[in-house]
Amino acid sequence: MDGYRKGSHTVYDIKYHVIWVTKYRYKVLSGQVAIRIRELIRQGCEARGITILQGSVGKDHIHLLLSCPPSLAPSKIMQYLKGRSSRLLQDEFPELKKRFWGQHLWARGYFCSTVGTITEEIIRNYIANQFNEEKNDIFRIEE
């Protein structure tokens with residue numbers, strides 16, 4: 001069970017690839033702002049029990065590969081990371097507050113994809129071949 005993480009009642013390996021961009025794709029994530037956003041994301045992830053496996057700060061976007069506990073939904077992770085970082089960055093860098101009126105540093109949406117070592121095909125084959133019954137039934141009952 002190499003690479004799996006453990007909770008009090010769970011063993012899991014949940015990874016998300018997430019990307020989000022600045023509002024209007026303004027290229028403001030450089031210099032001290034980039035250093036600070038990296039620090040804020042690290043702090044936010046550590047506080048929630050999220051492990052950053054890989055990450056990068058672009059001029060107008062953030063790329064992360066995260067390992068998360070099963071109790072955290074991707075939408076809640078993004079809500080927390082984007083909301084907290086936007087508020088704290090704009091408080092520390094007044095030039096961002098002027099540029100992003102309405103306190104919206106990040107664009108509304110984000111990209112999220114699951115990552116894993118087991119493919120859908122492997123799971124389908126495992127479930128289909130678990131019992132030697134009719135192969136066409138996609139949701140079977142064990143006798």
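For the structure, check the block above.
Because the structure is predicted, anything quoted here is derived from the model rather than measured. All residue numbers refer to positions counted from 1 along the written sequence of the respective chain. Per-residue local features of the predicted model are confined to residues with pLDDT of at least 70, and side-chain atom pairs are confined, for both listing and counting, to 80 or more; whole-chain, interface and lining totals are unaffected and use all residues. Neither water nor hydrogens contribute to the side-chain values; these are computed over all heavy atoms in the structure.

> For this particular structure, what's the right way to read the nonpolar core?
Soluble globular proteins: nonpolar side chains tend toward being buried together. Among the nonpolar cores identified, the biggest contains 25 residues, and Trp20, Ile62, Leu64, Leu66, Ile77 and Leu89 are the most heavily contacted of them. Sorting the residues of this core by element identifies β3 (15-21), α1 (32-48), β5 (61-67) and α2 (74-92) as the ones contributing at least two each. Secondary structure elements are taken from DSSP: a helix is a run of H or I of four residues or more, a strand is a run of E of two residues or more, and numbering for both begins at the N terminus. Sorting elements by how many residues they give to this core places α1 first, with five residues. The criterion used for residue contact is that any of the two residues' heavy atoms lie within 4.5 Å. Sequence-distant contacts of isoleucine 77, that is, excluding residues within four places in its chain, are made with Tyr16, Ile50, Leu66, Cys68 and Leu72. Residues belong to one nonpolar core when they are buried, are Ala, Val, Leu, Ile, Met, Phe, Trp, Tyr or Cys, and are joined through side-chain atoms within 4.5 Å. Per-residue accessibility, obtained with a 1.4 Å probe over protein chains only, is compared with the maximum for each type, and a residue is labelled buried under 20%, exposed over 50%, and partly exposed between these values.

> Got a minute to help me understand the packing of α1 against α2 in this structure?
In this description, a line fitted to the C-alpha atoms serves as the axis of each element, helices being fitted only across the stretch in contact, and the angle between N-to-C directions of two axes falls anywhere from 0 to 180 degrees. Taken N-terminus to C-terminus, the directions of α1 and α2 make an angle of 140°; their axes are 10 Å apart at the nearest point. What the angle tells us is that α1 and α2 run oblique. When the axes of α1 and α2 are compared, the crossing they make is right-handed. On the side of α1, the interface is formed by Val33, Arg36, Ile37, Leu40, Ile41, Gln43, Gly44, Cys45, Ala47 and Arg48, while α2 contributes Tyr80, Leu81, Arg84, Ser85, Leu88, Leu89 and Glu92. For the contact of α1 with α2, the residue count by class is 10 nonpolar, three polar and four charged. We call two directions roughly parallel when the angle between them is under 35 degrees, roughly antiparallel when it is over 145, roughly perpendicular when it lies between 65 and 115, and oblique otherwise. Two helices cross in a left-handed way if the nearer one is turned anticlockwise from the farther one by less than a right angle. They cross in a right-handed way if the turn is clockwise. Just so you know the grouping, Ala, Val, Leu, Ile, Met, Phe, Trp, Tyr, Cys and Pro go in nonpolar, Asp, Glu, Lys and Arg go in charged, and all remaining residues, Gly too, go in polar.

> In this structure, what is going on with the sheet that holds β5? I would like to understand it.
Across a sheet, strands are paired by hydrogen bonds formed along the backbone, either parallel or antiparallel in direction. When DSSP locates at least two bridges between a pair of strands, those strands are taken to pair. Read from one edge of the open sheet, four strands run β4-β5-β3-β6, paired in antiparallel fashion. The two strands at the open ends of the sheet, each matched to only one other strand, are β4 (51-57) and β6 (111-115). Mean inter-strand twist for the sheet, computed between neighbouring axes without regard to direction, equals 15°. Judged from the six bridges that link them, β4 and β5 form a sheet pairing that is antiparallel. Looking at β5, one finds that glutamine 54 is bridged to leucine 65. Against the sheet, α1 touches β3, β4 and β5, its axis set at about 165° to β4. The strands touched by α2 are β3, β5 and β6; relative to β3, the strand with the most contacts, the crossing angle is about 40°.

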